[in-house]
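# Observations on the model geometry
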Amino acid sequence: MNLASRKAPTTEAQRRLAYFNERRDAIVSTIRELVEIESPSDDKAALDRMAEAVAQKFSQLGGKATVKVRVHPAKDRGNHLQVDFPGNSAAKPVLLLGHYDTVYPLGTLAAMPCRAVDNKLTGPGVLDMKSGIALMLHALAALQDWHKADLPRPVTVLLVSDEEVGSDSSRPITESLAKAAAAVLVLEPAHGYQGAVKTARKGVGGYLVKVTGKAAHAGLDPQKGANAILELARQIEKISSFTDLKKALTVNVGVVSGGSRTNVVPAEAAAQVDVRIARMKDAAGIDKKMRSLRPFNRKCKIEINGGINRPPLERTAGVAALYAQAAAIARNLGWKLGEAAVGGGSDGNFTAGLGIPTLDGLGAVGDGAHAPHEHILISELPRRAALIASLIEQA
Ligand SMILES: [Zn+2]
């Protein structure tokens with residue numbers, strides 16, 4: 001072990017860490033309140049209730065400062081929530097980005113209650129990402145406390161309602177706020193129990209491949225038919241061959257459907273395809289390949305819909321610089337903050353795609369996002385909050 005490389009925490013960093021250690025239970029209870037308001041992405045009434053409760057919490061941070069809470073109404077999704085904190089400097093705002101929807105239907109809480117067992121806090125959406133919202137609230141409250149109500153620089157918070165279902169409704173708002181920001185901090189879950197931040201995320205695409213053949217009696221005159229399932233099977237072989245691991249480009253046929261009865265030559269079949277790219281420059285190539293699929297059997301027709309919908313979050317110089325700042329803050333707090341490249345996308349992909357320095361995975365540490373064992377580690381909350389607060393000042 002190399003003791004010399006481990007820097008002792010500075011007094012200021014220690015003070016901040018102690019501040020959040022004292023408030024650890026308060027952070028946990030904010031998380032619990034948020035988890036106990038269920039907010040599935042497809043339930044507007046539930047989402048709007050959640051947005052209302054979160055808006056309330058942010059307005060309470062108003063105090064002497066003029067905090068502006070703004071609701072962006074969404075027709076079929078929950079309303080998106082924007083909160084602007086003026087700062088006492090002319091610096092561009094930092095954008096704190098997150099979502100308050102979860103993948104869990106109403107009623108999940110009964111089977112998966114928000115409970116603290118030893119160091120783990122469980123519940124639907126506790127990791128992804130209600131604890132991220134709680135960390136925003138507590139980091140901002142601390143900054144107001146330390147800086148006598150005024151933040152040291154302007155901060156914009158955006159919490160969207162549709163991240164788990166593709167962010168179609170919120171994307172324009174995310175992009176316009178990101179363009180005005182100096183940096184974007186995404187409070188999505190950290191990577192692994194080590195709590196690494198995410199400095200690269202793959203871009204995501206989706207395609208629907210529909211084959212139309214010709215129905216016929218499988219016993220009497222099969223030669224008059226054109227088997228759409230057979231055609232699709234050949235296409236799936238071809239589509240799967242587009243995977244190029246050297247480029248970290250993957251193509252996955254994840255859902256297939258087709259046919260009606262065993263004694264009928266099927267006239268229809270379809271496949272849903274997931275595409276992941278690590279570099280934006282690979283987007284056009286894979287899109288072209290998907291669109292150039294032609295039927296093997298000329299009696300079949302193919303229709304292709306879809307495209308790349310989230311650009312990759314690439315580890316640009318801006319992203320690397322933001323990570324270096326975060327790692328330096330963590331070092332002062334006495335720990336080593338790692339970085340990770342992951343396959344899943346987030347709204348950080350949109351902001352990074354615009355060239356705005358973006359650091360993702362700053363939220364809670366835990367495991368089991370979208371799964372029954374979803375949980376966070378309570379002991380990680382104080383230093384996470386301290387990191388976020390300091391990064392807001394410096395980014
Ligand atoms: Zn998430």
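Each remark here, short or long, concerns the structure printed above.
Residues numbered from 1 in each chain as written. Predicted model: local features only at pLDDT ≥ 70, side-chain atom pairs only at ≥ 80, totals over all residues. Heavy atoms only, no water.

## Quick look at the packing of aromatic side chains
- Per the counting criterion, the structure on display carries four aromatic pairs.
- Note on Tyr19 and Phe20: the rings are 5.3 Å apart at their centroids and 80 degrees apart in plane angle, and the pair reads as edge-to-face.
- Judged by relative accessible area, which is 11%, Tyr19 ranks as buried.
- Summarising the aromatic geometry, the rings of Tyr19 and Trp146 are spaced 5.2 Å apart at their centres and angled 75 degrees between planes, so their arrangement reads as edge-to-face. Here Trp146 lies in helix 5 (residues 126-146) and Tyr19 lies in helix 1 (residues 11-22), a separation of 127 residues in the sequence. (Phe/Tyr/Trp six-rings, centres within 6.5 Å; stacked < 30°, edge-to-face > 60°. Buried < 20%, exposed > 50% of the residue type's maximum accessible area, 1.4 Å probe, protein only. Helix = DSSP H or I, 4+ residues; strand = E, 2+ residues; numbered from the N terminus.)

## Let's talk about helix 9 (residues 317-333)
- If you check helix 9, its first and last C-alpha atoms are 24 Å apart, about what 17 residues at 1.5 Å a residue would give, namely 24 Å.
- Looking at the residues trailing helix 9, positive phi occurs at Gly334, about 95 degrees. (Expected span 1.5 Å × (residues − 1).)

## Quick notes on the sheet that holds strand 1 (residues 68-72)
- With respect to topology, six strands assemble into an open sheet ordered 1-2-6-3-7-16, the strand pairing being mixed. Of all strands in the sheet, those bounded by a partner on one side alone are strand 1 and strand 16 (358-359).
- Against the sheet, helix 5 engages strand 2 (80-85), strand 3 (94-99) and strand 6 (155-160), with an angle of about 150 degrees to strand 3. (Pairing = 2+ DSSP bridges. Contact = heavy atoms within 4.5 Å. Axes fitted to C-alpha atoms, helices over the stretch in contact; angles between N-to-C directions.)

## Things to note about empty space enclosed by the protein
- Applying the stated criterion across every chain, the model contains two cavities of 30 Å³ or more.
- A volume near 40 Å³ is recorded for the largest cavity.
- As for the largest cavity, its lining consists of Val35, Ile37, Glu38, Ser39, Thr102, Tyr104, Pro124 and Lys130.
- Broken down by class, the residue content of the lining of the largest cavity amounts to four nonpolar, two polar and two charged. (1 Å grid on protein atoms, 1.4 Å probe; cavity = no way out; pocket = protein on both sides within 12 Å on 5 of 7 lines; lining within 4 Å. Points joined across faces, edges and corners; volume = space filled by probe spheres on them. Nonpolar A, V, L, I, M, F, W, Y, C, P; charged D, E, K, R; others polar.)

By themselves, these observations are geometric and do not establish any function.
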